[in-house]
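Inside the fold
Single-letter residue listing:
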Amino acid sequence: MANCERTFIAIRPDGVQRSLVGEIIKRLEQKGFRLVAMKLIQASEDLLKEHYIDLKDCPFFTDLVKYMQSGPVVAMVWEGLNVVKTGQVMLGETNPADSKPGTSRGDFWIQVGRNIIHGSDSMESAEKEIGLWFQPEELADYKSCAQSWIYE
């Protein structure tokens, strides 16, 4: 498949606690993206500080890391054509007031600090985040039998 890319998507502790894991996976699968890695993890402080390093100077950084450690996270890698950009659209906007119905955040989110999900915002961040959360051998390499029904 030409122009196939990968993205990192994580269901945050509030999404796990609210039992939204299946619904979020369902939406990504129904779109036609392929799940290539997934694990439930209690993220370490070091992992989270590295993941959110670009926010280290923000006043909410410490609270964000503490929140992300408050429960399990479902870390996933998804693959498909334009999966980074399309994934961002499917997740919704960072501001809850701007997040449209039909998006994960638009349907299940009210406050900025509890936005249920994280998705890579660029190919570069996807590559970095996948490398932080997964070892290369944890990424499955298979061809979906539905691929010819999704892609030309």
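Here we take up the side chain of His-118. Relative to the elements of secondary structure, His-118 occurs in strand β4 (residues 117-119). Within polar-contact distance, the side chain of His-118 engages the side chain of His-51 at 3.4 Å. If near-sequence neighbours (up to four positions away) are discounted, His-118 is found in contact with Phe-8, Ile-9, Ala-10, Arg-12, His-51, Leu-91, Arg-105 and Glu-129.

Relative to the helices and strands, Trp-149 resides in helix α8 (residues 147-150). Residue classification places Trp-149 among the exposed positions, given a relative accessible area of 77%. Distance from Trp-149 to Val-36, taken between C-alpha atoms, is 18 Å for residues 113 residues apart in sequence.

Now for the pattern of salt bridges. Any two side chains of opposite charge can pair if their charged atoms end up close together. Overall, the coordinates contain 7 salt bridges when judged by the stated rule. The salt bridge partner of Lys-39 is Glu-138, with a shortest N-O separation of 3.3 Å. Of the two residues, Lys-39 is situated in strand β2 (residues 34-41) and Glu-138 in the loop between α7 (123-133) and α8; the sequence distance between them amounts to 99 residues. Look at Lys-39 and you get partly exposed, because its relative accessible area is 22%. One network of salt bridges, in which partners are shared, links Arg-6, Arg-34 and Glu-79.

Turning to the layout of surface pockets, a few remarks are in order. Of the volumes computed, that of the largest pocket is approximately 770 Å³. In this structure, the largest pocket is lined by 29 residues; those nearest its centre are Leu-55, Thr-94, Arg-105, Asn-115 and His-118. Among the secondary structure elements, those contributing two or more residues to the lining of the largest pocket are α4 (61-68), α5 (83-91), β4 and α7.

What follows covers α5. For α5, the set of buried residues is Val-83, Val-84, Gly-87, Met-90 and Leu-91. One face of α5 carries all of its buried residues, which in axial projection span an arc of 125°. Within α5, the exposed residues directed more than 90 degrees away from the buried face are Lys-85 and Val-89. Buried residues along α5 sit in contact with β1 (4-11), α2 (21-31), β3 (73-81), α6 (104-108), β4 and α7. At the C-terminal side of α5, Gly-92 shows a positive phi close to 105°.

This part is about the sheet that holds β1. Taken in spatial order, the 4 strands line up as β2-β3-β1-β4 in an open sheet, and their pairing is antiparallel. Only two strands of the sheet have a single neighbouring strand rather than two, namely β2 and β4. Looking at each pair of strands side by side, their axes are set apart by 20° on average, direction ignored. Inspection of the sheet shows β2 paired to β3 by 7 bridges, in the antiparallel sense. Following the sheet pairing, Met-38 is matched in β3 by Met-76. Lying over the sheet, α5 contacts β1, β3 and β4, oriented at roughly 30° with respect to β1.

A few words on the nonpolar core. By size, the foremost hydrophobic cluster in this structure holds 21 residues, and its most contacted members are Ile-11, Ile-24, Leu-28, Phe-33, Met-76, Trp-78 and Ile-117. Those elements giving two or more residues to this core turn out to be β1, α2, β3 and α5. Core analysis: the second largest hydrophobic core is formed by 20 residues, Ala-37, Leu-47, Val-65 and Val-77 among them.

With the rule as written, the count across this model stands at 1 aromatic pair. The cationic tip of Arg-34 hangs over the ring face of Tyr-142; the distance from NZ or CZ to the ring centre is 4.6 Å. We note Arg-105 situated over the ring of Trp-109; from NZ or CZ to the ring centre the distance is 5.8 Å.

What counts, and where the lines are drawn
Residues numbered from 1 in each chain as written. Predicted model: local features only at pLDDT ≥ 70, side-chain atom pairs only at ≥ 80, totals over all residues. Heavy atoms only, no water. Helix = DSSP H or I, 4+ residues; strand = E, 2+ residues; numbered from the N terminus. Polar contact = N/O pair within 3.5 Å; in protein donor to acceptor, adjacent residues only side chain to side chain. Contact = heavy atoms within 4.5 Å. Buried < 20%, exposed > 50% of the residue type's maximum accessible area, 1.4 Å probe, protein only. Salt bridge = Lys/Arg side-chain N within 4 Å of Asp/Glu carboxyl O. 1 Å grid on protein atoms, 1.4 Å probe; cavity = no way out; pocket = protein on both sides within 12 Å on 5 of 7 lines; lining within 4 Å. Points joined across faces, edges and corners; volume = space filled by probe spheres on them. Arc of directions from axis to C-beta. Pairing = 2+ DSSP bridges. Axes fitted to C-alpha atoms, helices over the stretch in contact; angles between N-to-C directions. Core = buried A, V, L, I, M, F, W, Y, C linked by side-chain atoms within 4.5 Å. Phe/Tyr/Trp six-rings, centres within 6.5 Å; stacked < 30°, edge-to-face > 60°. Lys NZ or Arg CZ within 6 Å of the ring centre and 35° of its normal.

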